[in-house]
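Topology and contacts: notes
Residue-level listing of the chains:
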Amino acid sequence: ANNTVVVRPGNYTGQINLLNGQRLLGSGSVLAQGTPVRPTLTGPIILADGNTVDFIRIANAPNDAIDGDGQNGGTVTNCQIDTTTGNVGSGIQAQNVRGNWTISNNTIANALGAGIDFRTSGADTAVAVMQNNQITNNAFNAIGFVTGNTSNLRAQITGNTMTGNQAGATFEII
(Lines give C-alpha, C1' and ligand atoms only; values in the text may rest on other atoms or scores of the structure.)
Protein backbone atom coordinates (compact mmCIF):
# COMPACT_ATOMS: atom_id res chain seq x y z
CA ALA A 1 0.00 0.00 0.00
CA ASN A 2 0.97 3.65 -0.59
CA ASN A 3 3.75 2.80 -3.05
CA THR A 4 4.31 3.52 -6.73
CA VAL A 5 4.32 0.75 -9.35
CA VAL A 6 5.93 1.76 -12.66
CA VAL A 7 5.03 -0.40 -15.66
CA ARG A 8 7.65 -0.52 -18.40
CA PRO A 9 6.68 -0.52 -22.10
CA GLY A 10 5.30 -3.85 -23.30
CA ASN A 11 2.10 -5.91 -23.43
CA TYR A 12 0.72 -7.39 -20.23
CA THR A 13 -2.28 -9.65 -19.67
CA GLY A 14 -4.39 -10.27 -16.61
CA GLN A 15 -6.21 -8.44 -13.86
CA ILE A 16 -4.39 -5.93 -11.66
CA ASN A 17 -5.61 -5.42 -8.08
CA LEU A 18 -4.24 -2.27 -6.49
CA LEU A 19 -3.82 -1.70 -2.75
CA ASN A 20 -4.89 1.47 -0.93
CA GLY A 21 -2.91 4.55 -1.93
CA GLN A 22 -0.91 2.89 -4.72
CA ARG A 23 0.01 4.69 -7.92
CA LEU A 24 0.10 2.60 -11.13
CA LEU A 25 2.11 4.58 -13.66
CA GLY A 26 3.12 3.84 -17.21
CA SER A 27 6.84 4.44 -17.58
CA GLY A 28 6.09 7.46 -19.79
CA SER A 29 4.09 9.20 -17.10
CA VAL A 30 5.43 12.60 -16.09
CA LEU A 31 4.95 11.27 -12.54
CA ALA A 32 7.45 8.47 -13.32
CA GLN A 33 9.78 10.62 -15.47
CA GLY A 34 10.32 7.83 -17.98
CA THR A 35 10.24 7.13 -21.72
CA PRO A 36 7.10 8.29 -23.54
CA VAL A 37 5.74 4.83 -24.40
CA ARG A 38 2.52 3.57 -22.81
CA PRO A 39 2.49 -0.03 -21.64
CA THR A 40 -0.56 -1.99 -22.85
CA LEU A 41 -2.56 -4.02 -20.37
CA THR A 42 -5.61 -6.19 -20.95
CA GLY A 43 -6.76 -5.47 -17.42
CA PRO A 44 -9.04 -4.94 -15.78
CA ILE A 45 -7.47 -2.64 -13.22
CA ILE A 46 -9.30 -2.95 -9.89
CA LEU A 47 -8.90 0.19 -7.80
CA ALA A 48 -8.63 0.49 -4.01
CA ASP A 49 -9.03 3.67 -1.96
CA GLY A 50 -7.01 6.65 -3.15
CA ASN A 51 -5.31 5.10 -6.19
CA THR A 52 -3.75 6.96 -9.11
CA VAL A 53 -3.56 5.38 -12.58
CA ASP A 54 -1.62 7.41 -15.13
CA PHE A 55 -0.29 6.87 -18.68
CA ILE A 56 -1.55 3.30 -19.15
CA ARG A 57 -3.21 1.81 -22.24
CA ILE A 58 -5.89 -0.80 -21.60
CA ALA A 59 -6.94 -2.79 -24.64
CA ASN A 60 -9.75 -5.33 -24.79
CA ALA A 61 -10.40 -5.77 -21.08
CA PRO A 62 -12.80 -8.64 -20.39
CA ASN A 63 -15.07 -6.42 -18.26
CA ASP A 64 -14.86 -2.83 -16.98
CA ALA A 65 -11.40 -1.63 -18.01
CA ILE A 66 -10.93 0.34 -14.76
CA ASP A 67 -13.17 -0.66 -11.84
CA GLY A 68 -13.42 1.70 -8.88
CA ASP A 69 -16.57 0.22 -7.34
CA GLY A 70 -16.96 0.92 -3.63
CA GLN A 71 -13.80 3.00 -3.32
CA ASN A 72 -12.98 6.26 -1.56
CA GLY A 73 -11.41 8.63 -4.08
CA GLY A 74 -9.15 8.05 -7.03
CA THR A 75 -7.40 9.57 -10.02
CA VAL A 76 -7.33 8.27 -13.60
CA THR A 77 -5.34 10.44 -15.99
CA ASN A 78 -3.69 10.27 -19.41
CA CYS A 79 -4.91 6.73 -20.10
CA GLN A 80 -6.07 5.17 -23.36
CA ILE A 81 -8.91 2.71 -23.05
CA ASP A 82 -9.92 0.92 -26.25
CA THR A 83 -12.09 -2.12 -25.94
CA THR A 84 -12.78 -2.93 -29.57
CA THR A 85 -13.19 -6.58 -28.63
CA GLY A 86 -13.80 -8.39 -25.39
CA ASN A 87 -15.26 -5.70 -23.14
CA VAL A 88 -18.75 -6.24 -21.77
CA GLY A 89 -18.50 -3.35 -19.30
CA SER A 90 -17.61 0.31 -19.14
CA GLY A 91 -14.35 2.10 -19.82
CA ILE A 92 -14.23 3.48 -16.26
CA GLN A 93 -16.80 2.31 -13.75
CA ALA A 94 -17.08 3.74 -10.26
CA GLN A 95 -20.28 2.62 -8.52
CA ASN A 96 -21.14 3.19 -4.85
CA VAL A 97 -18.16 5.52 -4.45
CA ARG A 98 -17.29 8.37 -2.13
CA GLY A 99 -14.49 10.91 -1.79
CA ASN A 100 -12.69 13.02 -4.38
CA TRP A 101 -12.24 11.72 -7.92
CA THR A 102 -10.32 13.14 -10.89
CA ILE A 103 -10.77 11.62 -14.33
CA SER A 104 -8.94 13.69 -16.93
CA ASN A 105 -7.10 13.65 -20.25
CA ASN A 106 -8.18 10.08 -21.07
CA THR A 107 -9.26 8.57 -24.38
CA ILE A 108 -12.08 6.05 -23.98
CA ALA A 109 -13.52 4.24 -27.00
CA ASN A 110 -15.64 1.28 -28.05
CA ALA A 111 -16.88 -0.01 -24.67
CA LEU A 112 -20.01 -2.12 -24.73
CA GLY A 113 -21.13 -0.16 -21.63
CA ALA A 114 -20.66 3.51 -20.83
CA GLY A 115 -17.46 5.46 -21.34
CA ILE A 116 -17.57 6.60 -17.69
CA ASP A 117 -20.20 5.24 -15.29
CA PHE A 118 -20.12 7.12 -11.96
CA ARG A 119 -22.54 6.42 -9.08
CA THR A 120 -23.10 7.27 -5.44
CA SER A 121 -25.50 5.56 -3.04
CA GLY A 122 -26.55 5.39 0.60
CA ALA A 123 -25.48 8.51 2.48
CA ASP A 124 -22.12 8.78 0.68
CA THR A 125 -20.69 12.03 -0.69
CA ALA A 126 -18.44 12.25 -3.75
CA VAL A 127 -16.85 15.02 -5.77
CA ALA A 128 -15.97 14.24 -9.40
CA VAL A 129 -13.80 16.36 -11.68
CA MET A 130 -13.93 15.11 -15.26
CA GLN A 131 -12.07 17.20 -17.77
CA ASN A 132 -10.54 16.98 -21.24
CA ASN A 133 -11.54 13.35 -21.89
CA GLN A 134 -12.17 12.11 -25.43
CA ILE A 135 -15.05 9.60 -25.25
CA THR A 136 -16.23 7.98 -28.48
CA ASN A 137 -18.29 5.11 -29.87
CA ASN A 138 -19.45 3.49 -26.64
CA ALA A 139 -22.62 1.39 -26.61
CA PHE A 140 -24.21 3.52 -23.86
CA ASN A 141 -23.65 7.08 -22.75
CA ALA A 142 -20.27 8.79 -22.75
CA ILE A 143 -20.61 9.96 -19.13
CA GLY A 144 -23.37 8.88 -16.78
CA PHE A 145 -24.06 9.92 -13.19
CA VAL A 146 -26.52 8.19 -10.89
CA THR A 147 -27.21 9.11 -7.27
CA GLY A 148 -29.37 7.08 -4.93
CA ASN A 149 -30.91 7.33 -1.47
CA THR A 150 -29.53 10.42 0.30
CA SER A 151 -26.14 10.41 -1.43
CA ASN A 152 -24.60 13.67 -2.57
CA LEU A 153 -22.58 14.06 -5.79
CA ARG A 154 -20.91 17.26 -6.94
CA ALA A 155 -19.37 17.23 -10.40
CA GLN A 156 -17.30 19.56 -12.54
CA ILE A 157 -17.43 18.53 -16.19
CA THR A 158 -15.30 20.63 -18.56
CA GLY A 159 -13.57 20.30 -21.92
CA ASN A 160 -14.75 16.75 -22.71
CA THR A 161 -15.45 15.62 -26.27
CA MET A 162 -18.23 13.04 -26.49
CA THR A 163 -19.11 11.68 -29.93
CA GLY A 164 -20.71 8.60 -31.47
CA ASN A 165 -22.06 7.23 -28.18
CA GLN A 166 -25.31 5.29 -28.41
CA ALA A 167 -28.37 4.14 -26.34
CA GLY A 168 -29.86 6.75 -24.10
CA ALA A 169 -28.08 10.07 -23.82
CA THR A 170 -24.49 11.07 -24.49
CA PHE A 171 -24.41 12.78 -21.09
CA GLU A 172 -26.85 11.45 -18.51
CA ILE A 173 -27.68 12.41 -14.94
CA ILE A 174 -30.13 10.34 -12.88
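Residues numbered from 1 in each chain as written. Predicted model: local features only at pLDDT ≥ 70, side-chain atom pairs only at ≥ 80, totals over all residues. Heavy atoms only, no water.

In this section: the overall build of the chain. Assigned secondary structure in the chain consists of zero helices and 21 strands. Relative to the globule expectation of 16 Å for 174 residues, the C-alpha radius of gyration of the chain, 15 Å, shows essentially globular dimensions. Once the C-alpha set of the chain is aligned to its principal axes, its extents read approximately 40 × 35 × 30 Å. For the chain, with 174 residues in total, the buried portion stands at 45%. Within the chain, contacts between residues at least 6 apart in sequence are counted, and of these 65% link residues at least 24 apart. Of the roughly 7,600 Å² of accessible surface on the chain, 47% is carried by carbon and sulfur atoms. Of note, the chain has its 7 positive side-chain charges centred 9 Å away from the centre of its 9 negative side-chain charges. (Helix = DSSP H or I, 4+ residues; strand = E, 2+ residues; numbered from the N terminus. Rg over C-alpha atoms; globule rule 2.2 N^0.38 Å. Buried < 20%, exposed > 50% of the residue type's maximum accessible area, 1.4 Å probe, protein only. Contact = heavy atoms within 4.5 Å. Areas by Shrake-Rupley, 256 points an atom, 1.4 Å probe, with all protein chains shown as cover. Lys, Arg positive; Asp, Glu negative; His and termini not counted. Charge placed at Lys NZ, Arg CZ, Asp CG, Glu CD.)

Before going further, it helps to examine the nonpolar core. Grouped together as the largest cluster of nonpolar side chains are 30 residues, with contacts concentrated most on Ile-45, Val-53, Ile-56, Ile-66 and Phe-118. Going through the elements one at a time, strand 12 (92-94), strand 13 (98-104), strand 15 (116-120), strand 16 (125-131) and strand 18 (143-147) are the ones with two or more residues in this core. For this core, the element with the highest residue contribution is strand 16, accounting for three residues. Apart from residues lying up to four places away in sequence, Ile-45 is in contact with Ile-16, Leu-18, Leu-24, Val-53, Ile-56, Ile-58, Ala-65, Ile-66 and Asp-67. (Core = buried A, V, L, I, M, F, W, Y, C linked by side-chain atoms within 4.5 Å.)

Take the pairing of strand 18 next. For strand 18, a buried count of four out of five residues is recorded, marking the element as mostly surrounded by other parts of the structure. Direction of pairing for strand 15 relative to strand 18: parallel, over a ladder of five bridges. The partner of Asp-117 across the bridge, within strand 18, is Gly-144. Judged from the three bridges that link them, strand 18 and strand 21 (residues 171-173) form a sheet pairing that is parallel. Within strand 21, the position partnered with Gly-144 by the bridge is Glu-172. (Pairing = 2+ DSSP bridges.)

Quick look at the sheet that holds strand 8 (residues 57-59) now. Spatially, the seven strands line up as an open sheet ordered 2-5-8-11-14-17-20, and their pairing is parallel. With partners counted over all chains shown, the strands left at the sheet margins are strand 2 (11-12) and strand 20 (161-163), one partner each.

Moving on to the sheet that holds strand 10 (residues 72-77). The strand order across the open sheet built from seven strands is 1-4-7-10-13-16-19, with neighbouring strands paired in parallel fashion. Every interior strand has two partners, whereas the edge strands, strand 1 (4-7) and strand 19 (152-158), have only one. Each neighbouring strand pair of the sheet contributes to a mean axis angle of 10 degrees, computed without reference to strand direction. (Axes fitted to C-alpha atoms, helices over the stretch in contact; angles between N-to-C directions.)

Relative to the assigned elements, Asn-138 resides in the loop between strand 17 (134-136) and strand 18. Setting aside residues no more than four positions away along its own chain, Asn-138 makes contact with Ile-108, Ala-109, Asn-110, Ala-111, Gly-113, Ala-114, Gly-115, Gly-164, Asn-165 and Gln-166.

Moving on, we get to the pairing of strand 10. Where strand 7 (residues 51-54) and strand 10 come together, four bridges link them in parallel fashion. Paired with Thr-52 across the bridge in strand 10 is Thr-75.

So, on to the environment of Ile-16. Along the polypeptide, Ile-16 turns up in strand 3 (residues 16-17). Expressed as a C-alpha distance, the spacing of Ile-16 and Pro-44, which sit 28 residues apart in the sequence, is 6.3 Å. With near-sequence residues (within four places) excluded, Ile-16 lies in contact with Leu-24, Leu-41, Pro-44, Ile-45 and Ile-46.

On inspection of all chains with the given rule, the structure shows three aromatic pairs. Ring plane angle 80 degrees and centroid distance 5.9 Å describe the contact between Trp-101 and Phe-118, whose orientation is recorded as edge-to-face. Separated by 17 residues along the polypeptide, Trp-101 in strand 13 and Phe-118 in strand 15 bring together distant segments of the chain. Taken individually, Trp-101 and Phe-118 each receive the classification buried, so the pair is uniform in this respect. Every member of this aromatic cluster is reached through a ring pair, and the members are Trp-101, Phe-118, Phe-145 and Phe-171. Positioned above the aromatic ring of Phe-55 is the side chain of Arg-38, whose terminal nitrogen or guanidinium carbon lies 4.1 Å from the ring centre. (Phe/Tyr/Trp six-rings, centres within 6.5 Å; stacked < 30°, edge-to-face > 60°. Lys NZ or Arg CZ within 6 Å of the ring centre and 35° of its normal.)

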